[in-house]
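Architecture at a glance
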Amino acid sequence: MRVHVYETLMAMQRSRRDVLKGAAGAAALAASSSVLSSTPSFAEDSIVSQIMKIPGAGNGSPTDADWQKVGALCLGPTKANVQPGEFAGVEFSFMGLNNQNLHNFLFRGFLTPWEAYTGAKIKWIDLAQADYNARLQQSIATGTVDFDIIEMGAPFEGDMGVKDLLSDMPDWVKTQIDFDDIVNYLKPPVGTWNGKIHRVTIDSDCHTMNRRTDVFGDSDLAKQWADWNDKAGLTDWGPPKTWQQVQQVTKFLKGRKFKGKEVYGFLDQPKPWGGFQFYFTASRSTAYTKYPGEKNWMFDENMKPLVNNPGWVRAIQDVVDLLPYEPADQINADPGTTAFQQFLPGTGALLEWWGDIGTVAKTSDTATIGDMLDFDILPASDDVYNFRKGAWEKLASGPNIAPNMAYLGWGIYVMKSVDGDEKRHKAAWSAAAHLGGKDLSMWTAAYPSGFQPYRKSHTNLDLWALAGYDKKYIGSYMDSQSTSYNHPNSAIEPRIPGIFQYYSVAEDELAKVFAGKETAQQGADNVAAAWDKVTDKLGRENQVKYYRIAMGLT
């Protein structure tokens, strides 16, 4: 990213913010979920109290000036471990994303005061999401790693780990970031390789359902729904709880008007997105394919692909069946389009996505639906496919729920290349620790950042109220997150070498299905065959070993 382009974008954000007025106040209603906490006492001058009001929910998108101010206020832990100017003369490169002008843009702001205090200098490498996997894999394969720090997801730990490219986290960093506060499913083995911790977590990931309360609370639609033939068990008009109901609700809404405009139901994301689109097809499948008590759902324990079993095929067919009921040209919508160009500006009533939606809806200049949203865990399924028995089953406990922990969150990783220089080593880890700090993490969870809640302390609704969030709204949001994180049947992906090679080829094959060139079964069979080829290319024996370690099957 050229510096003048970055500065221009920041100036544009400031000009938008200047015309926005008002702030949302904290409501008196409290959430009822037992996974949420409330501790009302915060000193008015505490760091978290100060930063959560910058700029405040309802005041538009934060600017670069806001990011720098937050970064400066959160420097206390750095100052406890680093002397002023201690890293003078140190320069290192940082590779990360520039999605929606977030990620690296925020890191620049947060680290500007860190650079001023420590004396270190950072060179930035900005990547679009669709380019990320190819750039990283090329660097690893050719041995041309030209970055010292990387923003990376847990799925790539296998690629990095087998090449021994990652630096081990020092104990002082673990203390500085309050490692124990991170939610349990993101603790080891996530963030590790060969028993060594390498990751400063800055994000948690799961897909949840975002729902329009105005659409599903509309009395006219309720009357029309009463005459709809196939309700899939949704007797009264309201948010669907199963994928079967999602299908019917979306078909029902096609061609109807709501507030004088066309209304749509669920929004699918058929267009490839550098391997990341596959997460959305996977989230369509988990309720069908993740059998309770079974860790395997993408492969079996011998790396035989499961992606062409009847559960996966049903999920793929669901997308094919709904595309005619979604907005025109939906075949060309990738996940970024559905979130930021469709759903948040007001198109669609249902969207599966990462947790960004709930916070961006309240704190972005472009979102228009912040007052008409609530949230839920991913839909269930009336039945689930048991691949061990080769049969569909209806569970005695009711519909099968299996939230997808898609991507396992972003983290900051330091490369082993800095280990030979004590000063650069400490500087790189200090930068990573600053970005993963506890107070700063609360701000990134509450404001547009590309990151969703990942700490136990983030369940405290009073922290969100400091930013101006309504507790009923944020209670629904945090309940969907926490329920997903803690669900006993959550779907965890394998952190094996080459995992995005599997995802990318799956996207390419599925695109043919969504375009009507192949049947769902043909496409799924092609994905399975391609996955076997990837496994053989990477070495089946080692892949099976790494898969079993990653999935806790040993």
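Since the model is a prediction, treat every value here as computed from it, not as a measurement. (Residues numbered from 1 in each chain as written. Predicted model: local features only at pLDDT ≥ 70, side-chain atom pairs only at ≥ 80, totals over all residues. Heavy atoms only, no water.)

1. Considering the nonpolar core
The biggest cluster of nonpolar side chains holds 140 residues, and the ones touching the most others in it are Tyr132, Leu136 and Ile150. Ignoring sequence-local partners within four residues, the contact set of Ile150 consists of Met95, Tyr132, Leu136, Met160, Gly411, Ile412, Tyr413 and Met415. Membership of the second largest hydrophobic core comes to 22 residues, among which are Trp243, Val246, Val263 and Ala287. (Core = buried A, V, L, I, M, F, W, Y, C linked by side-chain atoms within 4.5 Å. Buried < 20%, exposed > 50% of the residue type's maximum accessible area, 1.4 Å probe, protein only. Contact = heavy atoms within 4.5 Å.)

2. What to know about the packing of helix 12 (residues 278-289) against helix 20 (residues 499-514)
Remark: helix 12 packs on helix 20, axes separated minimally by 9 Å, with the N-to-C direction vectors making an angle of 75 degrees. The pairing of helix 12 with helix 20 is recorded here as roughly perpendicular in orientation. Of the residues in helix 20, those in contact with Phe278, Tyr279 and Thr281 of helix 12 are Phe500, Tyr503, Ala506, Glu507, Leu510 and Phe514. (Axes fitted to C-alpha atoms, helices over the stretch in contact; angles between N-to-C directions. Helix = DSSP H or I, 4+ residues; strand = E, 2+ residues; numbered from the N terminus. Parallel < 35°, antiparallel > 145°, perpendicular 65-115°, else oblique.)

3. With respect to the packing of helix 11 (residues 243-253) against helix 12
Across the interface, helix 11 lies against helix 12 with an axial gap of 10 Å and an inter-helix angle of 130 degrees. In terms of orientation, helix 11 lies oblique with respect to helix 12. Residues Trp243, Gln244 and Gln247 of helix 11 touch helix 12, and the partners they reach there are Ser283, Arg284, Ala287 and Tyr288. Across the contact of helix 11 with helix 12, the residue classes break down as three nonpolar, three polar and one charged. (Nonpolar A, V, L, I, M, F, W, Y, C, P; charged D, E, K, R; others polar.)

4. A short note on the pairing of strand 1 (residues 91-97)
Taken across its seven residues, strand 1 has six buried, putting it largely inside the fold. As paired strands, strand 1 and strand 2 (residues 121-127) are joined by seven bridges and run parallel to one another. Residue pairing in the sheet places Phe94 in a bridge with Trp124 of strand 2. Since strand 1 and strand 2 lie parallel, the crossover through helix 5 (residues 104-118) that links them has a hand, and here it is right-handed. Alignment of strand 1 against strand 3 (residues 149-153), held across two bridges, turns out to be parallel. Opposite Met95, over in strand 3, you have Ile150 as the bridge partner. (Pairing = 2+ DSSP bridges. Right-handed = clockwise from strand over helix to strand, strands pointing away.)

5. A few points about the side chain of Ser480
Within the fold, Ser480 resides in helix 19 (residues 471-485). We classify Ser480 as buried; its relative accessible area is 2%. At a separation of 2.6 Å, a polar atom in the side chain of Ser480 contacts the main-chain carbonyl oxygen of Tyr477. (Polar contact = N/O pair within 3.5 Å; in protein donor to acceptor, adjacent residues only side chain to side chain.)

6. Thoughts on the pattern of salt bridges
It is possible for side chains bearing opposite charge to pair when their charged atoms get close. Following the criterion strictly, the structure yields 24 salt bridges and no others. Note that Arg388 is salt-bridged to Glu294, the shortest N-O span being 3.0 Å. Taken as a pair, Arg388 in the loop between strand 12 (384-386) and strand 13 (391-393) and Glu294 in the loop between helix 12 and helix 13 (310-322) lie far apart in primary sequence, 94 residues in all. Residue classification places Glu294 among the buried positions, given a relative accessible area of 13%. One continuous salt-bridge network, built from bridges that share partners, spans Arg211, Lys241, Asp374 and Asp376. (Salt bridge = Lys/Arg side-chain N within 4 Å of Asp/Glu carboxyl O.)

7. Thoughts on the environment of Asn308
Its place among the elements puts Asn308 in the loop between helix 12 and helix 13. Those residues in contact with Asn308 that lie beyond four places of it in its chain are Val313, Gln521, Ala524, Asp525 and Ala528. In terms of polar contacts, Asn308 uses its side chain to reach the side chain of Asp525, at 3.0 Å.

8. Notes on the sheet that holds strand 11 (residues 373-376)
Taken together, the three strands give an open sheet; going across it, the order is 10-7-11, and neighbouring strands pair in antiparallel fashion. The sheet is open, and its two borders are formed by strand 10 (350-353) and strand 11, each paired with just one other strand. Here the average twist between neighbouring strands, direction ignored, is 25 degrees. Bridging between strand 7 (residues 208-212) and strand 11 involves four bridges; their strand directions are antiparallel. Pairing of Asn210 across the sheet is with Phe375, part of strand 11. Strands in contact with helix 19 are strand 7 and strand 11; relative to strand 11, the strand with the most contacts, it is inclined by about 20 degrees.

9. Considering helix 17 (residues 438-446)
Across the nine residues that make up helix 17, a large majority, seven, are buried. Buried residues along helix 17 sit against helix 2 (47-51), helix 3 (64-73), helix 5, helix 15 (356-363), helix 16 (422-435) and helix 18 (461-465).

10. What about the confidence of the model for the protein chain?
In this model, the protein chain carries an average pLDDT of 91, and 92% of its residues clear a pLDDT of 70 or more. Low pLDDT, under 50, characterises residues 1-35; the predicted model gives this stretch 60 contacts beyond four residues in sequence or across chains. (pLDDT = per-residue confidence, 0-100.)

11. Topic: helix 14 (residues 335-343)
The buried fraction of helix 14 amounts to eight of the nine residues, a majority that puts the element mostly inside the structure. Every buried residue of helix 14 is listed here: Pro335, Gly336, Thr337, Thr338, Ala339, Phe340, Gln342 and Phe343. Among the structural elements, strand 7, helix 12, strand 10, helix 15 and strand 11 are those in contact with the buried residues of helix 14. For helix 14, the capping residue at the N-terminal end is Asp334, with a side-chain oxygen 3.0 Å from the backbone nitrogen of Gly336.

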